Amino acid sequence: GPAWDHVIVSEKSGHLKYRQMAAAVKVNKLPGTFSLCRKDQLWNNYRLLQTKWGSGMFSFLPQTFNIPEEWDQLKNAMAGSQEAWIAKPIASSCGDGIHLVTSHQQITLGRSILSVQKYIRNPFLINGLKFDLRIYVLLTNIDPIKIYVYEDGIVRFATKPYSMKEEDIVDKFIHLTNYSINKRNQDFQFNEAPEELSGHKWSLQMLWKYLEKRGIDHSTIWEKIKDIIVKTILCGHHSIKTAFDEDVSSDYNCYKLFGLDVLLDENLNPWLLEVNNFPTLNHKSLDRHVNEQMIAEMFNILGFHITKPINP
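Below or above, wherever it landed, is the structure these notes cover. Counting from 1, residues in each chain are numbered in the order their sequence is written. Per-residue local features are limited, in this predicted model, to residues with pLDDT of at least 70; the limit for side-chain atom pairs, both in listing and counting, is 80 or more; totals at the level of whole chains, interfaces and linings are taken over all residues. No hydrogens and no water enter the side-chain calculation; it runs on all heavy atoms of the structure.

## Brief notes about the state of the cysteines
A covalent bond between the sulfur atoms of two cysteines is what we call a disulfide.
Reasoning step 1: Cysteine sulfurs are considered disulfide-paired once they come within 2.5 Å of each other. Scanning all chains against the criterion turns up zero disulfides.
Reasoning step 2: Cys37 carries a free sulfur, and the closest cysteine sulfur to it, the one in Cys235, is 12 Å from it.
Reasoning step 3: Overall, the relative accessible area of 14% leaves Cys37 in the buried class.
Reasoning step 4: Between Cys254, a free cysteine, and Cys37, which holds the nearest cysteine sulfur, the sulfur-to-sulfur gap is 14 Å.
Reasoning step 5: Per-residue accessibility, obtained with a 1.4 Å probe over protein chains only, is compared with the maximum for each type, and a residue is labelled buried under 20%, exposed over 50%, and partly exposed between these values. With relative accessibility at 2%, the residue Cys254 sits in the buried group.

Written out as structure tokens, the structure is:
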């Protein structure tokens, strides 16, 4: 019989009937995670906890308006301001449909909901380039909450020097760090040497070494990121627990690997940008250097059980 049962679930796999799963089956999915991975729901849940606990505790997600519901509030916030905002479809990935705007006239209202987030215009730059961090977070239990944070990750660079000039606002190679976007730039360089500071992708551990060489203690940054991770999971806790209690029979059945996108501003303060429900695990050299070890460690933590033979 099988040593263990495991169902790989993709983003488009549809609704799962959790209660019909055998006790020994494990799936990389939890009910209710839309409360974190849909950008509008993340902001709504974040705002509830911010109201309850104060902006001193919850100040890591840029101000957001969900339109068309909050269209008038967004227009008021943008009126007479030179700030840039970044408009995102609430459930897209890979940079699809994302664009920067400086006026509400640049936003087209349609049937789809958009999350319009204040753009962090003062990112920390390396070699003149904007970058963000992909942090891997494993949730193995929702009550009590059990969170594991992998200590390596992916650093993703834009491929053109950072600029806030008016003519550069629309250039995605400047303002977006998504690999799916920047690989289209002829100047994109793959990192084929994961232990070197080269190319437009680094490992998180190499970023820490880069900062250390410049006299910057990365441990403070990492502690702040871990604090953000815990509070982010708390934003979705009620919705996930409610759905889990209704739909799932066993704690063993479910786990969830999230990809959190974090940006460092010029003061090295981390900001949460979004939560990815099914983070891409690319096969390129740098990605495999990080992800293969991460996946192995994840399976070790999950602890698959030996099941009974199918045909005894």
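## Some remarks on the nonpolar core
Reasoning step 1: For the purposes of this section, nonpolar cores are sets of buried Ala, Val, Leu, Ile, Met, Phe, Trp, Tyr and Cys residues that join through side-chain atoms within 4.5 Å. Counting 50 residues, the largest nonpolar core has Leu36, Phe131, Leu133, Ile135, Leu207, Ile225 and Phe258 as its most contacted members.
Reasoning step 2: By definition, any uninterrupted DSSP run of H or I lasting at least four residues is a helix, any uninterrupted run of E lasting at least two residues is a strand, and each is numbered from the N terminus. Here this core gets nine residues from one element, more than from any other, and that element is helix α7 (residues 218–247).
Reasoning step 3: Throughout, a contact is declared for two residues whenever any of their heavy atoms are within 4.5 Å. In contact with Phe131, other than residues within four places in its own chain, are Phe124, Leu125, Ile126, Val155, Arg156, Phe157, Thr177, Leu207, Leu263 and Leu264.

## Some remarks on a nonpolar patch on the surface
Reasoning step 1: Exposure above 30% relative accessible area and the lack of any salt bridge qualify a residue for a patch; like charges then connect within 9 Å, and the nonpolar side chains Val, Leu, Ile, Met, Phe, Trp and Tyr within 5 Å. We get accessible surface area from the Shrake-Rupley algorithm with a probe of 1.4 Å; when it comes to residues, only the shown protein chains can shield them. In what follows, salt bridge is the name for a side-chain nitrogen of Lys or Arg lying within 4 Å of a carboxyl oxygen of Asp or Glu. On the surface, a cluster of nonpolar side chains totalling about 210 Å² of accessible area is made up of Ile145, Val230 and Leu234.
Reasoning step 2: Mapped onto the elements, Leu234 comes out in helix α7.
Reasoning step 3: Taking relative accessible area as the criterion, Leu234 reaches 38% and is therefore assigned partly exposed.

## So, the environment of Phe299
Reasoning step 1: Residue position: Phe299 is located in helix α8 (residues 285–302).
Reasoning step 2: In the structure, Phe299 is positioned 84 residues away from Gly215 in sequence and 36 Å away in space, judged by C-alpha atoms.

## Things to note about the side chain of Thr159
Reasoning step 1: Relative to the assigned elements, Thr159 resides in the loop between β8 (145–157) and α4 (172–175).
Reasoning step 2: Note on Thr159: relative accessible area 8%, which makes it buried.
Reasoning step 3: Residues within four places of Thr159 in sequence aside, it is in contact with Leu129, Phe173, Asn182, Asn185, Phe188 and His200.

## Thoughts on the packing of aromatic side chains
Reasoning step 1: For this analysis, a ring pair means two rings from Phe, Tyr or Trp (six-membered ring only for Trp) whose centres lie within 6.5 Å, classed as stacked if their planes differ by under 30 degrees, edge-to-face if by over 60, and tilted for the remaining angles. By the definition in use, this model includes 13 aromatic pairs.
Reasoning step 2: What links up through ring pairs into an aromatic cluster is the set Phe124, Phe131, Phe157, Trp202 and Tyr210.
Reasoning step 3: Two conditions define a charge sitting above a ring: the NZ of Lys or the CZ of Arg must be within 6 Å of the ring centre, and it must be within 35 degrees of the ring normal. The aromatic ring of Tyr210 is capped on one face by Arg214, whose charged end is 3.7 Å from the ring centroid.

## Some thoughts on helix α6 (residues 204–213)
Since the α-helix turns once every 3.6 residues, residues separated by three or four places project in the same direction.
Reasoning step 1: Among the residues making up α6, those that are buried are Leu204, Met206, Leu207, Trp208, Tyr210 and Leu211.
Reasoning step 2: Summarising the contacts, the buried residues of α6 are in contact with β7 (131–142), β8, β9 (201–203) and α7.
Reasoning step 3: A positive phi of about 75 degrees marks Gly215, the residue just after α6.

## Quick word on the pattern of salt bridges
Reasoning step 1: Scanning the entire structure with this criterion turns up 13 salt bridges.
Reasoning step 2: Ionic pairing is found between Lys88 and Glu274, a salt bridge with its closest N-O pair at 3.7 Å. A residue pair is termed long-range when its members are at least 10 positions apart, and Lys88 in strand β4 (residues 85–89) and Glu274 in strand β11 (residues 270–276) qualify at 186 residues.
Reasoning step 3: Among the residues examined, Lys88 registers a relative accessible area of 6% and is labelled buried.
Reasoning step 4: What makes Glu274 buried here is its relative accessible area of 11%.
Reasoning step 5: In the salt-bridge network here, residues are joined through shared partners; they are Asp132, Arg134, Arg156 and Asp261.

## Notes on the sheet that holds strand β6 (residues 114–118)
Reasoning step 1: The pairing criterion is simple: DSSP has to find at least two bridges between the two strands. Strand order in this open sheet of four strands is β3-β6-β4-β5, and the pairing throughout is antiparallel. Both edges of this open sheet fall to β3 (64–67) and β5 (99–101), since each of them pairs with a single strand only. Taking the axes of each pair of neighbouring strands and ignoring which way they run, one obtains an average angle of 30 degrees across the sheet.
Reasoning step 2: Bridging between β4 and β5 involves three bridges; their strand directions are antiparallel. Axes here mean lines fitted to C-alpha atoms, for a helix over just the part in contact, with angles spanning 0 to 180 degrees between N-to-C directions.

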